[in-house]
Amino acid sequence: MNETDQAKGWRIDRIPGKRVTAVHQGVRLPLWLLHDGKHKGDAHVRLSVVEAEQLHAELSYALDEDEAPAYGPAAP
């Protein structure tokens, strides 16, 4: 995919310079909403501690090019 293709349609990207922050019982990931390369608004994804841990594990495995571990429903 070239740069032109990436600018078409809707995209969700992390906001440069804004860090993931701890919130009550989880984390908050700041995001930009873009359409055809133009900023349309800000949003965030809030993850519970368990969801953040699962995402961390999956990203770690992906960066090592291994398969992410299978897991069942999140524990309470």
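All of these numbers come straight from a predicted model, not from anything done at the bench. Here, residues in each chain are numbered from 1, in the same order as that chain's written sequence. For a predicted model such as this one, the threshold for reporting local features is a pLDDT of at least 70, and the threshold for listing and counting side-chain atom pairs is 80 or more; totals across whole chains, interfaces and linings nevertheless cover every residue. With hydrogens and water stripped out, all remaining heavy atoms of the structure feed into the side-chain values.

(A) Structural context of the overall build of the protein. In this text, helices come from DSSP runs of H or I with a minimum length of four residues, and strands from runs of E with a minimum of two, each type numbered from the N-terminal end. What the protein contains, in helices and strands, is two helices and four strands. Along the chain direction, N to C, the helices and strands of the protein fall in the order α-β-β-β-β-α. Taken across its 76 residues, the protein has 12% of its residues classed as buried. In short, Shrake-Rupley with a 1.4 Å probe defines the accessible areas, and a residue's cover is counted only from the protein chains shown. When the accessible area of the protein is evaluated, it comes to approximately 6,300 Å², of which 55% is carbon and sulfur surface. The classification of residues rests on relative accessible area computed with a 1.4 Å probe and restricted to protein chains. Under 20% of the type maximum is buried, over 50% is exposed, and intermediate values are partly exposed.

(B) The environment of Gly-26, seen in detail. Here Gly-26 lies in strand 3 (residues 26–35). We classify Gly-26 as buried; its relative accessible area is 8%. Any pair of residues with heavy atoms lying within 4.5 Å of one another is described as a contacting pair. Contacts of Gly-26, omitting those with residues within four sequence positions, involve Thr-21, Leu-47, Ser-48 and Val-49.

(C) Here's a closer look at unusual backbone geometry. A positive phi angle, near 60 degrees, is found at Gln-25, a position not held by glycine. Relative accessible area serves as the criterion here: at 60%, Gln-25 is assigned to the exposed category. In this structure, Asp-36 is a non-glycine residue whose phi angle is positive, near 50 degrees. Of note, Asp-36 is situated in the loop between strand 3 and strand 4 (38–48). The exposure class assigned to Asp-36 is partly exposed, which follows from its relative accessible area of 41%.

(D) Structural detail: the pairing of strand 4. Here 10 bridges tie strand 3 to strand 4, and the two strands are oriented antiparallel to one another. Counted as the bridge partner of Arg-28 is Arg-46 from strand 4. At least two DSSP bridges between two strands are required for those strands to pair. Hairpin connection, strand 3 to strand 4: the antiparallel pair is bridged by two residues, and Asp-36 has positive phi, about 50 degrees.

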